[in-house]
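# Coordinate inspection notes
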Amino acid sequence: MKNKIAILGSTGSIGTQALEIVREQSDKLEVELLTGNSNADLLIEQALEFKPNHIVIADETKYAQVKHALANEDIKVFAGSKAIAEIMDITSADTVLTAMVGYSGLLPTIRAIKNRKRIALANKETLVVAGELITKLCEENGVSLIPVDSEHSAIFQCLVGEDLDSIDKIILTASGGPFRGKSREQLAEVTKAQALKHPNWNMGAKITIDSATLMNKGLEVIEAKWLFGLKPKQIEAVIHPQSIIHSMVEFNDGSIKAQMGLPDMKLPIHYAFFFPYRIPSDFKRMSFSEVSNLTFEQPDLHTFKNLALAYDAMDKGGNMACMLNAANEIAVDAFLKDKIKFLKIADINEACMSKVQFVKHPTLEDYIQTDKEAREVAKSLL
Ligand code: NDP
Ligand code: MG
């Protein structure tokens, strides 16, 4: 029996790499559902190749174009953001890869969990915004979250066969991004083009900027807390510029396990699709004759204060991380539109965290309200 896959965000960086895997493993995987936001041309091309039963385009103005292009196909076409969540009630997909960007992944992921789908989680923002709620929903519905984020996949792989109580701490590695080693003065005038040039990974624009500000590592620290049920002090981040060690776990006997490999997101996506099995792949192998140097540094929390803000949000709990995420989405978008300078991203995030009302035990409605409020506050600070 083939594993039926739904890809939310199939037109993005993770989405297109996931489809490469489906292409390579077509005897084991088939596509049931694809969704995109505005890239109608690519979504149409993907639908014609992979023949899913359903597709959804979030941007409703593109509906007519998609519908027309697929008129001769046995593919049902839907449009609108709400449809991406609603389709979870009817799709027969077994596994849902959440590869949308930002807060937009939250409601579809909740709906997928309620429909007891297996979740391959790329959309880290879902756990950042509402980790407590998502964890509870997963428990209630007997759903497992299989991490796709490379660091979390690494930790997940290190934990196979281990008792979670034997973890002393986890160590998330970070490349440090394009501005590693720079001072605040040097960062004051960096451009969008420089920030978008990640040294090791080729990713969507939002996560690439998050990597440059270290917000990505901050989001990942919070993601790890919920995925592995850890206390904040058990989660460390270390800069490892070569991105060969994807992360590590230190156990209570002092032993450390690391998962390694070339920086290629196809590997964690592939692992998540087939877990608990390992399936042969022809991905490029790492050669120790080419990788001669693995180095480590402490992150500079003064210069890259987003990481410190994320630790702070994680310590405070409640809706704090939801606030931080919303502020960051607005600030990054503004930076990408040349409306603010690079250092202002973290300034907006910091200011927003003290201006939005704190809720200790948020409900889904509280998260939705917090997200809305934090976006408004962030916009007023641009
Ligand atoms: P991209 O920007 O490349 O792709 C995002 C996808 O989501 C696209 O299909 C896009 O549609 C769709 N999308 C964007 N906004 C909306 C919206 N409002 N409603 C519905 N769909 C939307 O992002 P990435 O693939 O880089 O990242 C996806 C997720 O995976 C993020 O959460 C990121 O943090 C995480 N991740 C990514 C990694 C990477 O290597 N790229 C590594 C680890 C995690 P369209 O293109 O049609 O507009
Ligand atoms: Mg990552």
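To start, this report covers the structure provided alongside it. (Residues numbered from 1 in each chain as written. Chains lettered and ligands numbered in written order. Predicted model: local features only at pLDDT ≥ 70, side-chain atom pairs only at ≥ 80, totals over all residues. Heavy atoms only, no water.)

### A short note on the overall build of the protein
- The secondary structure content of the protein amounts to 16 helices and 11 strands.
- Computed over the C-alpha atoms, the radius of gyration of the protein is 20 Å, within 12% of the 21 Å expected from 2.2 N^0.38 for a compact globule of 382 residues.
- By its C-alpha atoms, the protein is 60 × 50 × 40 Å across when sized along the principal axes.
- Relative to its 382 residues, the protein shows a buried fraction of 55%.
- A sequence separation of at least 24 residues applies to 69% of the contacts in the protein between residues at least 6 apart. (Helix = DSSP H or I, 4+ residues; strand = E, 2+ residues; numbered from the N terminus. Rg over C-alpha atoms; globule rule 2.2 N^0.38 Å. Buried < 20%, exposed > 50% of the residue type's maximum accessible area, 1.4 Å probe, protein only. Contact = heavy atoms within 4.5 Å.)

### What to know about the site of ligand 1
- Lining the immediate environment of ligand 1, one finds 25 residues, of which Thr 11, Ser 13, Asn 39, Glu 125 and Gly 204 sit closest.
- Contact distances for ligand 1 include 3.1 Å between an oxygen atom and a backbone N or O atom of Gly 12. (Near = heavy atom within 4 Å. Polar contact = N/O pair within 3.5 Å; in protein donor to acceptor, adjacent residues only side chain to side chain.)

### Observations regarding helix H1 (residues 13-24)
- Here H1 spans 17 Å end to end across 12 residues, near enough to the 16 Å set by a 1.5 Å rise per residue.
- Every buried residue of H1 is listed here: Ile 14, Gly 15, Gln 17, Ala 18, Leu 19, Ile 21 and Val 22.
- At its buried positions, H1 is contacted by strand S1 (3-8), strand S2 (29-36), helix H2 (40-50), strand S5 (95-98) and helix H12 (266-274). (Expected span 1.5 Å × (residues − 1).)

### Quick word on the sheet that holds strand S4 (residues 76-79)
- Sheet architecture is open: 7 strands sit in the order S4-S3-S2-S1-S5-S6-S7, paired in parallel fashion. Each end of this open sheet is capped by a strand with a single partner; those strands are S4 and strand S7 (145-147). Adjacent strand axes in the sheet meet at a mean angle of 20°, parallel and antiparallel pairs treated alike.
- In terms of strand pairing, S5 meets strand S6 (residues 118-121) through 4 bridges, oriented parallel. Across the sheet, Leu 97 pairs through a bridge with Ala 120, a residue of S6.
- Seen against the sheet, H1 touches S1, S2 and S5 and runs at an angle of roughly 160° to S2. (Pairing = 2+ DSSP bridges. Axes fitted to C-alpha atoms, helices over the stretch in contact; angles between N-to-C directions.)

### Points about the environment of Gln 242
- With respect to the helices, strands and loops of the structure, Gln 242 is situated in the loop between strand S9 (235-239) and strand S10 (245-251).
- Sequence spacing of Gln 242 and Val 291 is 49 residues, and the spatial spacing of their C-alpha atoms is 8.5 Å.
- Beyond its immediate stretch of four places on either side in the chain, Gln 242 contacts Asn 200, Asn 293, Leu 294 and Thr 295.
- A polar atom in the side chain of Gln 242 sits 3.0 Å from the side chain of Thr 295.

### Digging into the environment of Asp 27
- Tracing the backbone shows Asp 27 in the loop between H1 and S2.
- Given the relative accessible area of 53%, Asp 27 is considered exposed.
- Expressed as a C-alpha distance, the spacing of Asp 27 and Met 1, which sit 26 residues apart in the sequence, is 9.0 Å.

### Thoughts on the pairing of strand S3 (residues 54-57)
- Here S3 shows a buried face lined by His 54 and Val 56 and a second buried face lined by Ile 55 and Ile 57.
- Note: S2 against S3, 4 bridges, orientation parallel. Considered in S3, the bridge of Gly 36 is made with Ile 57.
- Considered for its hand, the β-α-β crossover made up of S2, H2 and S3 is right-handed.
- In this sheet, S4 lies alongside S3 in parallel orientation, the contact comprising 4 bridges. In the sheet register, Ile 55 faces S4, and the bridge partner there is Val 77. (Right-handed = clockwise from strand over helix to strand, strands pointing away.)

### Considerations on the side chain of Thr 126
- In this fold, Thr 126 is placed in helix H6 (residues 125-141).
- Every residue in contact with Thr 126, bar those within four places of it in the chain, is listed here: Gly 105, Leu 106, Thr 109, Leu 121, Gly 131 and Ile 134.

### Points about the pairing of S2
- Where burial is concerned, most of S2 is hidden: 7 out of the 8 residues are buried.
- Bridging between S1 and S2 involves 6 bridges; their strand directions are parallel. Considered in S2, the bridge of Ile 5 is made with Val 31.
- Each parallel crossover has a hand, and for S1 linked through H1 to S2 it is right-handed.

### As for the side chain of Ser 166
- Turning to its location among the elements, Ser 166 is positioned in the loop between helix H7 (150-158) and strand S8 (167-174).
- Sequence-distant contacts of Ser 166, defined by excluding residues within four places in its chain, comprise Glu 250, Phe 251 and Asn 252.

### Topic: the sheet that holds S9
- If you trace the 4 strands from one edge of the open sheet to the other, you get S9-S8-S10-S11, paired in mixed fashion. In this open sheet, the two strands that pair with only one neighbour each are S9 and strand S11 (256-260). Here the strands of the sheet are splayed against their neighbours by 20° on average, with no regard to which way each runs.
- Bridge analysis of S8 against S10 gives 5 bridges, and the strand direction is antiparallel. When the bridges of S10 are listed, Ile 167 appears paired with Phe 251.
- Of the strands in this sheet, S8 and S9 are in contact with helix H11 (residues 215-228), which crosses S8 at around 150°.

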